[in-house]
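Listed below are the residues making up each chain.
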Amino acid sequence: MGSHPSSYIREDLISSCCRRTMQPRCGDSVCHVLMLVLCLSAAEDFDWTKNNHGSFYYGTFPTGFSWGAGGSAYQTEGAWDKDGKGLSIWDVFSHKKGKIQQNDTGDSSCESYYKIKDDISLMKEIRLNHYRFSISWPRIIPTADHVNGKGIQYYDELIDHLLENHITPIVTLYHWDLPQVLQEKYGGWQNISMVNHFNDFANLCFEKFGDRVKHWITFNNPWSVAVEGYETGEHAPGLKLRGTGAYRAAHHIIKAHAKVWHTYDTQWRGKQKGLVGISLSGDWGEPVDISNQKDIEAAERYVQFYLGWFATPIFHGDYPQVMKDFVGRKSVQQGLGTSRLPAFSSQEKSYIKGTCDFLGIGHFTTRYITQRNDPTGRSSNSYFTDRDLAELVDPRWPDPGSEWLYSVPWGFRRLLNFVKTQYGNPMIYVTENGVSEKMMCTELCDEWRIQYYKDYINEMLKAIRDGVNVKGYTAWSLLDKFEWDEGYSERFGLYYVDFRNKNKPRYPKASVQFYKRIISSNGFPNQREVENWRRKAVEMCSSSNQLLAAEEQRSTAANILRLIHDPLTSHMEMVTEIVVPTVCTLSILISAVLLMFLLRRRN
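Residues numbered from 1 in each chain as written. Predicted model: local features only at pLDDT ≥ 70, side-chain atom pairs only at ≥ 80, totals over all residues. Heavy atoms only, no water.

Participant: Outline the state of the cysteines, supporting the account with residue identities and numerical values.
Facilitator: The full count for this structure, using the stated rule, is 1 disulfide. One disulfide in the model links Cys445 with Cys541; its S-S distance is 1.8 Å. Across the S-S bond of Cys445 and Cys541 the torsion is about 100°, and the bridge reads as right-handed. Residue Cys445 is found in the loop between β13 (428–433) and α15 (447–465), and its partner Cys541 is found in helix α17 (residues 527–564); the two are separated by 96 residues along the sequence. For the pair Cys445 and Cys541, one class covers both residues: buried. (Disulfide = S-S within 2.5 Å. Helix = DSSP H or I, 4+ residues; strand = E, 2+ residues; numbered from the N terminus. Buried < 20%, exposed > 50% of the residue type's maximum accessible area, 1.4 Å probe, protein only.)

Structural data, given as C-alpha cells:
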C-alpha cells in the first residue's frame, strides 16, 4: 500500500471546525467549513441516491472462494544489492535523505528473500488459498540486456514452495520498482519506450514461470505510480511534473498493460491457460448531499478520476468522458493548444479495449465529496485541481493507523457495485484490503484490525449477494513491511515483524486467528460463533505479547552492552535503542498481565 492521494480536510460535524489530517502534499486543498449530511449508504444495484446501510449479514461465501494475503518485492524482500540484483528507483529514492520517514529504506526490510520457507509456514498456519507477491524487475533484469539467473532461481523456489503447500501464486509484474537504469536513460514512465521494455520483462516472466503461475497482474495501483511518482514527487522517482506528468505516465502504463495482455494472449495463453489482469486502487466517493446534483456529479467525478482513469480505457477503450471534458476545458483556459490529457488513436482504443481477464481491486477507505471550483484561477495546473471537488471525512469514522485511512465499510460495497454496473460485472479479485497501526510501542492484540476485517469482508459478502462477481480476497498484508514514504512507521501486517532484530522474527497478531477462522468457515456462520472467534483471538495474543516482550528485553540488553563499549554513541541513539524499547517492553508486559487478570475474572 502507498500513501494517499493528497492532503485531506477533516470536517467536524459537531463544531464545524476544520483541521487537516495530513501534512499538505499537493497544496491544492483549501480548508473550508461545511456541515456534512450523513449519507451512510450501500446499494443492491448501484444508485447514487439510495440509502441502505443495513446490519451485519451472517452467511458464507460461494464454494471455491479464494482467501489470501499479500506483499510486494521492495516492501518485503530486502537483499537490495545481493546476488546480482540491479538498482531500482526505490533503492535510489529511499537512499536520499529526507524522502522517507526517519530516513528508512527497504534495504533489508523483512528479509523475505532469505525466508521463503518461514513465510510459507505462516501462510499455512492461516490456511491461505493464495499468496499475492510481486517480481522485482531489477532482480531478474538488472541491466537492459542481462538476465540474472539467481533472481530467476529465487522466484522459481518461491513459486515451487507455494505450490507444494497448495497455495496458489498470484503474481504482480510491476509493484513500483522500475530498474533505475531505465529511469536514467529514458525518463521512466514519461517515455513511450517503457511499453516495449515492460513487455520484454513480462514476456521473460511468462517464459520462466508461466507453466506454474496462472494469475498475472500487470500493474499494482498505477494511480500511485503516475500521481505520486510524476505529479507530487512523494514516491520514486520523485518528479513534480504538475498537470502533465501523471497523465503522460498513466497513458504509457495503460498502453504497456494492453501490450502485455496481447503478448500473453497470442503467445502463451494457448499452452499455459492463465489469466492476465490489472490491480486498480480506488477509494469510494460518497456525495455529501445526495439530494444535490452537483455533489452527486462531483462524487462520480472523484471515482472516475481515480479508478475510472484506468478501468474505463481497459473495459471501454477510452478515458472517462468527464476526464476528457474537464482536463480539456481547463487546458484551453490555460491557453494550451491541446489537452494535457493525452488522446488514444482509434486503433489504440480498439487495441486496449477488453484487455482484462480479471480486475484486481485494492480498497481501503471512503471520502465524502462535494463540488468545489478551483479557487486559484487559470494559472492552476494539476491533476487535483482538474477535478473541481473537495474531499471530506466524518471525524466519527475510526482511524486507528494511517492518517488517511478511516474505517468506512459500507463504501466497499458501494465501490464493488459501481464496478459491476460500470464495467459489465467483470471477474474481480480483491487484491488489497486492510488497515494499519501507527504507534511507537508494539501491540499484538489488534482488535481494531479484527473489527476492520470483519466489517469490510462482510460488506464484500453483501456485494456478492448483490450479484457482484468477486472470486477472491487478499488481506493486506501478510507481514509488517516497508510502507513507502512512511518507512516502518506504519504497520499493515497480520504478523508483527521486529525490524530492530537482524533476524526479523515474526509474531502473530490477534487478527491472524480471527482471519483464520473466517477462512476455515468460509464466512460468518452465526453471531455467537463470530464473537467467540474474537474472544479467543485476543486471549491467544496475550501469550504472544509475553514472548515478544522477552525477546525485546534480550535485544535491549544486547544494545546496552554495545553502547557501553561505543564511545561515539549519541544521546539520541541511547534513547531510541534503549529507553524506547524498554518502555515498550514494560507496556507489553503490563498489558499482558492486565488482560490475563480480566480474562480470569470473566471466567
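Participant: Break down helix α3 (residues 116–126) for me, with residues and values.
Facilitator: Looking at α3, one finds that the buried residues are Ile116, Asp119, Ile120, Leu122, Met123 and Ile126. With its buried residues spanning 150° around the axis, α3 presents them on a single face. Packing partners of the buried residues in α3 comprise β5 (130–134), α5 (149–164), β15 (495–497), β16 (506–508) and α16 (510–521). Where α3 ends, the next residue or the one after it, Arg127, has phi of about 70°, a positive value. (Arc of directions from axis to C-beta. Contact = heavy atoms within 4.5 Å.)

Participant: Any details on the environment of Ser136? Residues and values, ideally.
Facilitator: As for its placement among the helices and strands, Ser136 is situated in the loop between β5 and α4 (137–140). We classify Ser136 as buried; its relative accessible area is 1%. Ignoring anything within four residues of it in the chain, the contact list for Ser136 reads Ala73, Glu77, Lys85, Tyr155 and Asp177.

Participant: Summarise the environment of Asn503; cite the residues concerned and give the values.
Facilitator: With respect to the secondary-structure elements, Asn503 resides in the loop between β15 and β16. The class for Asn503 is partly exposed, based on a relative accessible area of 47%. With 388 residues separating them along the chain, Asn503 and Lys115 place their C-alpha atoms 9.8 Å apart.

Participant: How would you sum up the pairing of strand β8 (residues 275–281)? Please name residues and give values.
Facilitator: Counted residue by residue, β8 has 6 buried out of 7 residues, so it is predominantly covered. Pairing between strand β7 (residues 215–220) and β8: 4 bridges, direction parallel. Within β8, the position partnered with His215 by the bridge is Leu275. For β8 and strand β10 (residues 359–362), the ladder comprises 4 bridges, and the chain directions are parallel. Bridge assignment links Ile278 to a residue of β10, and that residue is Leu359. (Pairing = 2+ DSSP bridges.)

Participant: Go over the side chain of Ser521, please, and point to the residues and values.
Facilitator: With respect to the helices and strands, Ser521 occurs in helix α16. Classification of Ser521 by relative accessible area gives buried; the value is 19%. Residues contacting Ser521, with those up to four places away along its chain left out, are Thr60, Glu529 and Trp533.

Participant: Describe in detail empty space enclosed by the protein, supporting the description with residues and values.
Facilitator: If a probe as big as a water molecule is rolled over the atoms, it shows which places are left empty. By the definition in use, this model includes 7 cavities of 30 Å³ or more. Of the pockets and cavities examined, the largest cavity occupies roughly 140 Å³. Every residue lining the largest cavity is counted, 18 residues in all, and those nearest its centre are Thr76, Ser112, Tyr131, Tyr154 and Leu158. When contributions to the lining of the largest cavity are tallied by element, the ones reaching two or more residues are α1 (73–76), α3, β5 and α5. Per-class residue counts for the lining of the largest cavity are 10 nonpolar, 5 polar and 3 charged. (1 Å grid on protein atoms, 1.4 Å probe; cavity = no way out; pocket = protein on both sides within 12 Å on 5 of 7 lines; lining within 4 Å. Points joined across faces, edges and corners; volume = space filled by probe spheres on them. Nonpolar A, V, L, I, M, F, W, Y, C, P; charged D, E, K, R; others polar.)

Participant: Which residues make up the packing of helix α8 (residues 222–230) against helix α9 (residues 245–272), and what values go with them?
Facilitator: Angle between the axes and distance between the axes are the two parameters that describe a pair of packed helices. Viewed as axis vectors pointing N to C, α8 and α9 meet at an angle of 145°, and their least axial separation amounts to 8 Å. Note that α8 runs across α9; the crossing there is right-handed. Contact with α8, carried on its side by Pro222, Val225, Ala226, Val227 and Tyr230, involves Gly245, Ala246, Ala249, Ala250 and Ile253 of α9 and no other residues of that element. Class assignment of the residues belonging to the contact of α8 with α9 gives a composition of 9 nonpolar, 1 polar and no charged. (Axes fitted to C-alpha atoms, helices over the stretch in contact; angles between N-to-C directions. Left-handed = near helix turned anticlockwise from the far one by under 90°.)

Participant: Give a description of the pattern of salt bridges that names residues and reports values.
Facilitator: Tallied over the entire structure, the rule returns 32 salt bridges. Salt-bridge contacts for Glu432 lead to Arg132; the nearest nitrogen and oxygen are separated by 3.6 Å. Taken as a pair, Glu432 in strand β13 and Arg132 in strand β5 lie far apart in primary sequence, 300 residues in all. Residue Glu432 shares its accessibility class with Arg132, and that shared class is buried. One salt bridge in this structure joins Asp394 and Arg396, with 3.4 Å as the shortest N-O distance. Within this structure, Glu437, Asp446, Arg449, Asp480, Arg491 and Lys509 form a network of salt bridges that share partners. (Salt bridge = Lys/Arg side-chain N within 4 Å of Asp/Glu carboxyl O.)

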